[in-house]
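Below are the chains, spelled out letter by letter.
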Amino acid sequence: MQVIINGKTHQVDTEDDTPLLWVIRDELGMTGTKYGCGIAQCGACTVLVDGQPTRSCVTPVSSVAGQSITTIEAITEDAVGRHVVEAWVANQVPQCGYCQSGQVMAATALLKQNPKPSEQDIASAMINLCRCGTYNAIAAAVRQVAQG
Amino acid sequence: MNSMNHDFLAADSLEGRPVNLSRRSFVGASLGALVLGVALPGSRALAQTAAAAAKAAPRVSAFLEIRADSSVLLRSPFIEGGQGIATAMAQIVGEELDADPASFTVECAPAGSDYRIMNGQRFTGGSRSVRSSYETMRRIGASARQMLLQAAANRLQVPVASLTTEPGRVRHAASNRTLDYGTLATDAAALPVPESVTLRDEKDFRWIGKPVARLDARDKSTGKAVYSIDMQVDGMLRAAVQHAPRLSLEPGAFANEAEVKAMPGVHSIHRLPGAVAVVADRWWRARRAVETLKVTWDEPVSSASRKMPADYSSEGRKAQLAAAPGPGVTAETVGDAAAALKGAAKTVTATYDAPYLAHGQLEPPSALARWNDDGTLDLWLPNQAPEMFQGLAAKAAGIPPEKVKIHSPVLGGFFGRHFIYETANPFPQAILLSKAVGRPVKLIWSREEEFLRDALRPMGLVRFRAGLDANGMPVAFDAEAVGEGPVGRWFGRKPDAADSSSVEGISGKPYAIPNRRVAHVVVDDPAIIGFWRSVGHSMNDFFYETFFDEVADAGKQDPFELRLRLLADKPRHKTLLEAVGELSGGWKRGPFTAPDGSKRARGVAMASPFGSEVATIAEVSLKSGAVAVHDVWVAIDPGRIVNPGIIEAQVNSAVALGLSSALLEEVVYAKGVPQARNFDGYPILPPDRMPRVHVRIVESGAPMGGIGEPGLPGVPPAVVNAVAALTGQRVRSLPLSKMKFGDT
């Protein structure tokens with residue numbers, strides 16, 4: 001099947017129900033997208049599928065064949081993504097950093113769809129887990145992008 | 001880990017004298033680079049070992065490499081796992097080298113004697129990295145600077161005294177000439193290391209003490225940071241395991257081996273100690289295959305060293321701890337607690353407990369093993385102590401330690417997870433699998449396998465008795481901490497001494513209570529227990545500081561005021577308590593009505609973990625019967641500091657983990673098996689339960705304390721004390737999610 005990732009089409013030869021996460025990581029060798037739980041609890045594996053934040057660990061690759069998938073590797077090719085990354089650096093968000101690819105993807109999806117999110121909008125969208133507890137810094141960074 | 005050091009390591013030695021290692025051949029060191037090692041302090045034998053090791057294994061590189069472009073590579077003894085240690089090391093070395101920390105690349109040094117700078121030891125833990133290496137790292141930076149100055153003096157044919165440095169270069173003011181460090185590195189490398197160096201005056205610090213930006217923030221915001229789980233080498237296969245559901249069972253017959261062998265991508269099926277593995281071309285295929293394999297799990301042969309009983313439960317464990325008779329091994333005695341209790345006007349007794357906890361670091365454990373043609377073994381793996389892992393990996397591989405090369409990528413969280421814990425580390429499995437298939441193998445434990453084999457924060461239980469005089473002042477205090485601690489488990493128990501990791505946070509409290517006894521009642525734990533952020537403090541400060549409020553209530557005293565009174569002769573603690581009161585806008589216990597109409601209350605707690613002092617206040621309300629924490633105020637006194645920005649981040653992080661443990665976390669055993677296998681069954685703090693965190697750093701000038709862990713222990717007691725003030729209910733068993741509160 002054909003999988004379109006970061007604008008590039010890849011021919012992938014694997015079982016239909018292989019999670020998108022493992023196609024990205026093992027087949028294509030792009031390791032910025034992380035495995036945390038495998039059951040859509042933590043969000044470390046978040047990618048964008050046609051702009052929607054999607055937990056790739058439970059997404060069968062066949063279900064997204066032909067759709068446009070964006071991973072953290074292409075985040076700075078997007079104007080909003082660049083702002084998000086700059087805000088993450090400015091707010092010194094990451095600690096261990098393992099969840100942050102997913103957090104940045106979730107924030108980018110939110111801010112592309114809703115450039116001026118309310119506090120409630122931020123709380124509803126930014127639900128990925130962070131064991132280092134960077135939640136306050138994450139919220140501050142999202143607010144900073146929203147305020148331009 | 002704090003206590004481990006007190007018990008097993010002598011005092012810090014801070015006299016490490018750098019030696020120039022440049023003229024030996026170092027693999028990976030660029031040509032002509034200035035390379036500095038450090039002679040091990042105080043011990044000729046150790047220094048000789050280091051030198052011998054360096055000769056025998058030339059890949060043992062040194063600390064510092066200045067490249068032609070004047071950028072700096074620092075091989076740090078410590079592992080970055082979120083705590084900011086890479087940035088702190090760059091600040092400390094850069095300050096003395098006179099090089100901007102932003103020009104540094106910091107990587108974790110390989111295993112090797114050169115890096116055992118913690119009095120012959122090396123590990124990342126116990127909140128000890130900065131305080132144990134501060135002077136040594138400054139000397140390394142200062143020595144390198146001195147050598148660069150000398151090289152410039154030779155080049156320009158001027159006296160060294162006529163030269164100065166500015167970040168990244170040497171200046172000769174008289175002739176207005178400058179030389180970049182990069183152009184001097186080759187010459188400097190050929191010079192002897194100065195016998196003594198002058199360190200910079202603290203008042204002239206440009207980077208130490210400042211909120212210097214983390215070196216890894218951008219890479220970690222763009223997916224570029226590479227963790228062990230991300231490592232890839234040529235020809236690599238991938239492996240997944242299915243562990244015995246109950247620890248100590250061994251794999252028996254397979255019911256469907258042919259079916260599994262025929263699954264896509266499967267290379268081979270393997271029996272391992274306590275587990276089965278499938279090696280495949282892709283991890284998902286390996287995982288699916290190994291989980292399809294139907295295995296009969298057999299009881300172990302009777303010689304198995306540690307056996308998990310088939311009927312073991314955490315409920316049963318709690319009952320066992322509660323029933324274990326005292327008096328235990330004494331940890332602290334002041335005055336005569338027994339007599340004072342007898343003569344007390346009033347006594348208070350209570351039993352507290354806290355559950356097993358999982359680390360829940362977000363990066364699942366992995367190990368990549370590669371056997372090389374020359375008989376050496378490369379290992380990439382999450383670890384907090386490269387030499388300890390090297391030693392055990394060598395045993396597992398059956399080769400000498402110097403043939404094992406340990407690579408330590410950044411950690412996707414650790415919190416104590418990545419020490420050596422027998423069955424809790426994947427690397428022995430990866431070594432066996434790689435050897436069996438004759439190719440490199442990357443083994444990843446699924447989250448479910450990780451929950452099955454994590455080394456847990458042990459369950460703890462404490463029996464308290466306090467006596468008050470007629471004025472309501474505490475005059476006697478007696479505590480028996482029951483259970484087993486990780487220091488005793490992994491570093492040997494002393495027969496007549498309490499395990500410090502079982503009593504820390506209960507013994508050594510600063511309050512002026514004239515008669516005290518603290519004891520440890522040892523009850524062996526069949527589970528694999530380990531170090532969990534702030535170790536014994538993670539529960540003991542909850543026990544003590546919450547019981548303290550019970551005592552205050554019994555004596556009809558305000559808990560904040562009583563603490564102040566009992567700290568009257570402890571200026572450092574008193575100052576800190578007053579600081580957190582002020583930070584929170586003035587102490588008020590409540591209950592009171594907040595502007596949003598909710599009824600709230602506050603609790604306070606103090607802790608003395610890892611060489612630092614901490615005072616914490618939390619504000620809570622109830623929402624739908626659950627505890628909501630709105631604000632946490634933390635005043636922390638680590639004596640002296642390196643990076644206030646990172647300290648504030650670490651306090652936020654410690655508050656999150658402490659709160660997570662207070663509100664939600666509990667590993668439950670039934671029939672010898674931990675019940676939760678993923679975050680659905682073991683919830684951790686989600687973003688919508690994170691409070692605002694307010695931090696005040698107090699630099700008392702006391703000897704430097706730790707940062708990574710100290711923010712944690714005060715949080716559970718501050719929260720639970722606030723809950724008591726709000727509801728009148730004393731919670732003596734965590735987590736709070738076990739309780740249902742009526743909305744007040």
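Being a predicted model, the structure only gives us computed values, none of them experimental.

1. Overview of the overall build of chain A
Consideration 1: Helix and strand counts for chain A stand at five helices and five strands.
Consideration 2: Counting from the amino terminus, helix and strand elements in chain A follow one another as β-β-α-β-β-β-α-α-α-α.
Consideration 3: Taking 2.2 N^0.38 as the reference for a compact globule, 148 residues should give roughly 15 Å; the C-alpha atoms of chain A span a radius of gyration of 15 Å, in line with that estimate.
Consideration 4: Considered along the principal axes of its C-alpha atoms, chain A spans approximately 45 × 30 × 25 Å.
Consideration 5: For chain A, buried positions account for 57% of its 148 residues.
Consideration 6: For chain A, long-range pairs separated by at least 24 residues make up 58% of all intrachain contacts whose partners lie at least 6 apart in sequence.

2. Overview of the pairing of strand β6 (residues 163-166) of chain B
Residues and elements named next belong to chain B.
Consideration 1: Across the two faces of β6 the burial differs, with Leu-163 and Thr-165 buried and Thr-164 and Glu-166 not buried at all.
Consideration 2: The sheet contact formed by β6 and strand β7 (residues 169-172) spans four bridges and is antiparallel. Among the inter-strand pairings, Leu-163 is bridged to a residue of β7, identified as His-172.

3. Comments concerning the domain arrangement of chain A
All names here are of chain A.
Consideration 1: Domain parsing of chain A yields domain 1 (2-73) and domain 2 (75-146).
Consideration 2: Once you take the C-alpha centre of each, domain 1 and domain 2 turn out to be 20 Å apart.
Consideration 3: Tallying the contact residues gives 17 residues for domain 1 and 13 residues for domain 2.
Consideration 4: Here domain 1 and domain 2 share an interface that buries about 1,300 Å² over both sides, 57% of which is from carbon and sulfur atoms.
Consideration 5: The tally of links from domain 1 across to domain 2 stands at zero salt bridges.
Consideration 6: The interface formed by domain 1 and domain 2 holds eight residue pairs in polar contact (both at pLDDT 80 or more) in total.
Consideration 7: Within the residue set of the side of domain 1 that touches domain 2, elements represented by two or more residues are β3 (46-49) and β4 (52-55).
Consideration 8: When residues in the side of domain 1 that touches domain 2 are grouped by element, the largest group, three residues, is from β4.

4. Describing helix α5 (residues 181-189) of chain B
Consideration 1: Taken together, the buried positions of α5 of chain B are Tyr-181, Gly-182, Leu-184, Ala-185, Ala-188 and Ala-189 of chain B. Taken end-on, α5 of chain B shows its buried residues confined to a sector of 150 degrees, consistent with a single buried face.

5. Here we look at the packing of aromatic side chains
Residue and element names in this part refer to chain B.
Consideration 1: Tallied over the entire structure, the rule returns 25 aromatic pairs over all chains.
Consideration 2: Look at Tyr-352 and Phe-542: their rings are 5.7 Å apart centre to centre, the planes differ by 75 degrees, and that puts the pair in the edge-to-face class. In this pair, Tyr-352 is assigned in strand β15 (residues 346-354) and Phe-542 in helix α16 (residues 537-554), connecting sequence segments 190 residues apart. Grouping residues by exposure puts Tyr-352 and Phe-542 together as buried.
Consideration 3: Ring centres of Tyr-352 and Phe-543 lie 6.3 Å apart, and the angle between their planes is 55 degrees; on these two criteria the pair is classed as tilted. With Tyr-352 in strand β15 and Phe-543 in helix α16, the pair connects residues that are 191 residues apart, well separated along the chain.
Consideration 4: You can call Tyr-352 buried: its relative accessible area is 0%.
Consideration 5: Overall, Phe-543 belongs to the buried group, its relative accessible area being 0%.
Consideration 6: Members of the aromatic cluster, each reached through a chain of ring pairs, are Tyr-352, Phe-464, Phe-477, Tyr-511, Phe-542, Phe-543, Tyr-544, Phe-547 and Phe-548.
Consideration 7: Positioned above the aromatic ring of Trp-371, the side-chain terminus of Lys-435 is 4.5 Å from the ring centre.
Consideration 8: The positively charged end of Lys-588 is found above the aromatic ring belonging to Phe-592, 4.0 Å away from the centroid.

Quick notes on the rules
- Residues numbered from 1 in each chain as written.
- Chains lettered and ligands numbered in written order.
- Predicted model: local features only at pLDDT ≥ 70, side-chain atom pairs only at ≥ 80, totals over all residues.
- Heavy atoms only, no water.
- Helix = DSSP H or I, 4+ residues; strand = E, 2+ residues; numbered from the N terminus.
- Rg over C-alpha atoms; globule rule 2.2 N^0.38 Å.
- Buried < 20%, exposed > 50% of the residue type's maximum accessible area, 1.4 Å probe, protein only.
- Contact = heavy atoms within 4.5 Å.
- Pairing = 2+ DSSP bridges.
- Domains from an automatic or database assignment.
- Buried area = accessible area lost by both parts, 1.4 Å probe.
- Salt bridge = Lys/Arg side-chain N within 4 Å of Asp/Glu carboxyl O.
- Polar contact = N/O pair within 3.5 Å; in protein donor to acceptor, adjacent residues only side chain to side chain.
- Arc of directions from axis to C-beta.
- Phe/Tyr/Trp six-rings, centres within 6.5 Å; stacked < 30°, edge-to-face > 60°.
- Lys NZ or Arg CZ within 6 Å of the ring centre and 35° of its normal.

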